[in-house]
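# Report on the structure
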Protein chains: 2
Amino acid sequence: MYRIGVMAARCGLKADTLRFYEKSGLLVPSSRNEAGYRLYNAADEAKLNFILRAKSVGFSLEEIAELLSIRLESAEHSCAEPKLITDMKLQQVEAKIKELEIFRSSLQKLSDSCCGGSESASHCSILEALDASDKEALC
Amino acid sequence: MYRIGVMAARCGLKADTLRFYEKSGLLVPSSRNEAGYRLYNAADEAKLNFILRAKSVGFSLEEIAELLSIRLESAEHSCAEPKLITDMKLQQVEAKIKELEIFRSSLQKLSDSCCGGSESASHCSILEALDASDKEALC
DNA sequence: CTTGACCTTGGAGTTAGGTCTAAGCTTTAG
DNA sequence: CTAAAGCTTAGACCTAACTCCAAGGTCAAG
């Protein structure tokens, strides 16, 4: 049984974060000592590791809460549920990547067009492109 | 000279957003009428279009404020400055894309491993991978 | 026995970019 | 003239995931 500081250190988090996870309903420590100190056991640590792994693949805390509730009573849930959550997240991630790739190509074009020298910015092609009324300049 | 509602409609924004941009120092309308109503002229509109184009390539409002201040006194700034801002943003965007691509491949792997059927989630490979103590399962 | 490290709680603050509300003027259409 | 639509302000609220703070209780070392 670890106290909050030890548990946090073991998992590379701050104690504050563990309290936040508890308040969010993600991870309630299995017991408290007489003084009210939180006590985490091995199952709590396994659950926290689940949370951290889910975070590492991009799930939000809300999605992780869903996955945890399925995990807790897995017999009463179907395989379709975790898969749906995963596929929805995958779609979100792909949409975000597409958006950023457009940013990237526009920024690359802006950067390439600019000399970047010590001359006055009066005719800077970056500023001109952002001023241009024709959208061509940006895409 | 447009009042705030007209200006907002012309540019596809809400009046609230224009007030927010003013409070942020991005776009202060060039005048006010006797009643204190904001009045935007053509130069204000051009500046707002600059802001919107800069947003469309991914710049934050803070970065846009920097670009605007360079634009305002371009003779006193060098071409290197807009280019630096652009290149820094480009790096940020590329870093974010890399992070999301890792999420994507992990999520794809999770999704592919799961039958997604109506069977009990007791042996769901998504939950198992997130539980696994070997990190291999996720990367 | 004291000092310092660690723990508790409730609640506020952070970032970014808005969005909304309330109370009260102004303007415009009929 | 009146009612509706539009404008003003200050300030609260929103999301997400923490992060910090204050006031006070607990515990281990010397």
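Residues numbered from 1 in each chain as written. Chains lettered and ligands numbered in written order. Predicted model: local features only at pLDDT ≥ 70, side-chain atom pairs only at ≥ 80, totals over all residues. Heavy atoms only, no water.

Going by the annotation in an unreviewed UniProt entry, the name recorded for chain A is Zn(2+)-responsive transcriptional regulator, with Motilimonas cestriensis given as the source organism.

### Re the relation of the copies chain B and chain A
Operational definition: When the copies are overlaid, the least-squares fit takes in C-alpha atoms only where the residue has pLDDT of at least 70 in both copies. Contacts are assigned to residue pairs with any non-hydrogen atoms lying within 4.5 Å of each other.
When chain B is brought onto chain A, the operation consists of a screw motion whose angular component is 180° and whose axial shift is 0.0 Å, with 0.1 Å RMSD remaining. In symmetry terms, the pair is related by a two-fold rotation axis. Residue B:Ile97, judged by its C-alpha, is the member of chain B lying nearest the rotation axis, at 2.9 Å. Take the interface residues of chain B: 100% of them recur as interface residues in chain A, which is what a same-surface contact looks like.

### Some remarks on the domain arrangement of chain A
Let me state the cut-off plainly: The source of the domain bounds is an automatic or database domain assignment.
Entries for chain A in the domain assignment read domain 1 (2-77) and domain 2 (93-137). Here the C-alpha centroids of domain 1 of chain A and domain 2 of chain A sit 44 Å apart.

### Observations regarding the side chain of A:Ser111
This is how it is decided: Helix and strand labels come from DSSP, where a helix needs a run of H or I of at least four residues and a strand needs a run of E of at least two; each type is numbered from the N terminus. Three labels apply to residues, based on accessible area from a 1.4 Å probe with only protein chains included: buried if under 20% of the type maximum, exposed if over 50%, partly exposed otherwise in between.
Locating A:Ser111 in the fold gives a position in helix H5 (residues 80-113). A residue is classified by how much of its surface remains accessible, and A:Ser111, at 4% relative accessible area, is buried.

### Side note on the UniProt feature "domain: HTH merR-type" (unreviewed entry) in chain A
Filter applied, for reference: UniProt positions are given in the numbering used here, feature names are shortened, and annotations may be inferred rather than shown by experiment.
UniProt records the feature "domain: HTH merR-type" (unreviewed entry) at residues 1-70 of chain A, using the numbering of this structure. Its end C-alpha atoms 26 Å apart, residues 1-70 of chain A is made of 60% helix and 6% strand.

### Things to note about the packing of helix H3 (residues 42-56) of chain B against helix H4 (residues 61-72) of chain B
All names here are of chain B. Under the convention used in this document: Simply put, an axis is a line fit to the C-alpha atoms, just over the touching stretch for a helix, and the angle between two N-to-C directions goes from 0 to 180 degrees. For classification, angles of less than 35 degrees are called roughly parallel, those exceeding 145 degrees roughly antiparallel, those between 65 and 115 degrees roughly perpendicular, and all remaining angles oblique. A crossing counts as left-handed when the near helix is turned anticlockwise from the far one by less than a right angle, and as right-handed when that turn is clockwise. Any residue outside Ala, Val, Leu, Ile, Met, Phe, Trp, Tyr, Cys, Pro, Asp, Glu, Lys and Arg is labelled polar, Gly included; the first ten of those are nonpolar and the last four are charged.
Their axes nearest at 10 Å, the elements H3 and H4 cross at an angle of 135°. Looking at the two axes, H3 sits oblique to H4. Crossing handedness for the pair H3 and H4: right-handed. Mapping the contact onto sequence places Lys 47, Phe 50, Ile 51, Ala 54 and Lys 55 in H3 and Leu 61, Ile 64, Leu 67, Leu 68 and Arg 71 in H4. Partitioned by chemical class, the residues of the contact of H3 with H4 number seven nonpolar, no polar and three charged.

### Concerning the protein's contact with DNA strand D
We apply this condition: Throughout this document, a residue counts as near a molecule or strand when at least one of its heavy atoms sits within 4 Å of that molecule or strand. N or O atoms closer than or at 3.5 Å make up a polar contact, with two conditions inside protein: a donor-capable atom paired with an acceptor-capable one, and, for residues adjacent in sequence, both atoms drawn from side chains.
Surveying the vicinity of DNA strand D reveals 18 residues, the closest of which are A:Tyr21, A:Tyr37, B:Gly5, B:Tyr37 and B:Arg38. Backbone atoms, meaning sugar plus phosphate, form 71% of the atoms of DNA strand D positioned within 4 Å of the protein. In this structure, B:Gly5 approaches DNA strand D through a main-chain N or O atom, which is 2.9 Å from a phosphate oxygen. Those elements that place two or more of their residues in the surface near DNA strand D are helix H2 (15-23) of chain A together with helix H1 (4-11) of chain B. Each residue belonging to the surface near DNA strand D can be placed in one class, and the counts come to seven nonpolar, four polar and seven charged.

### Quick notes on the packing of aromatic side chains
Rules: For Phe, Tyr and Trp, rings pair up if their centres lie within 6.5 Å, where Trp contributes its six-membered ring, and each pair is then called stacked (planes under 30 degrees apart), edge-to-face (over 60) or tilted (otherwise). To sit over a ring, a charge needs its Lys NZ or Arg CZ within 6 Å of the ring centre and within 35 degrees of the ring normal.
The tally for this structure, following the rule as stated, stands at two aromatic pairs over all chains. Positioned above the aromatic ring of A:Phe50, the side-chain terminus of A:Arg71 is 5.0 Å from the ring centre.

### Some words on the pattern of salt bridges
As a working rule, side chains carrying opposite charge can pair if their charged atoms are close by. Residues and elements named next belong to chain A. Inclusion rule: Think of a salt bridge as a Lys or Arg side-chain nitrogen and an Asp or Glu carboxyl oxygen that are within 4 Å of each other.
The tally for this structure, following the rule as stated, stands at 16 salt bridges over all chains. Measuring nitrogen to oxygen at the nearest pair gives 2.8 Å for the salt bridge that ties Glu 45 to Arg 10. Highlighted residues: Glu 45 in helix H3 (residues 42-56) and Arg 10 in helix H1 (residues 4-11), separated in sequence by 35 residues. For Arg 10, a relative accessible area of 48% corresponds to the partly exposed category. Among the salt bridges present, the one from Lys 89 reaches Glu 63, with a minimum N-O distance of 3.2 Å. Of this pair, Lys 89 sits in helix H5 while Glu 63 sits in helix H4 (residues 61-72), and the two are 26 residues apart along the sequence. Of the two residues examined, Lys 89 and Glu 63, each falls in the buried class. Through salt bridges with shared partners, a single network forms among Glu 22, Arg 32 and Arg 38.

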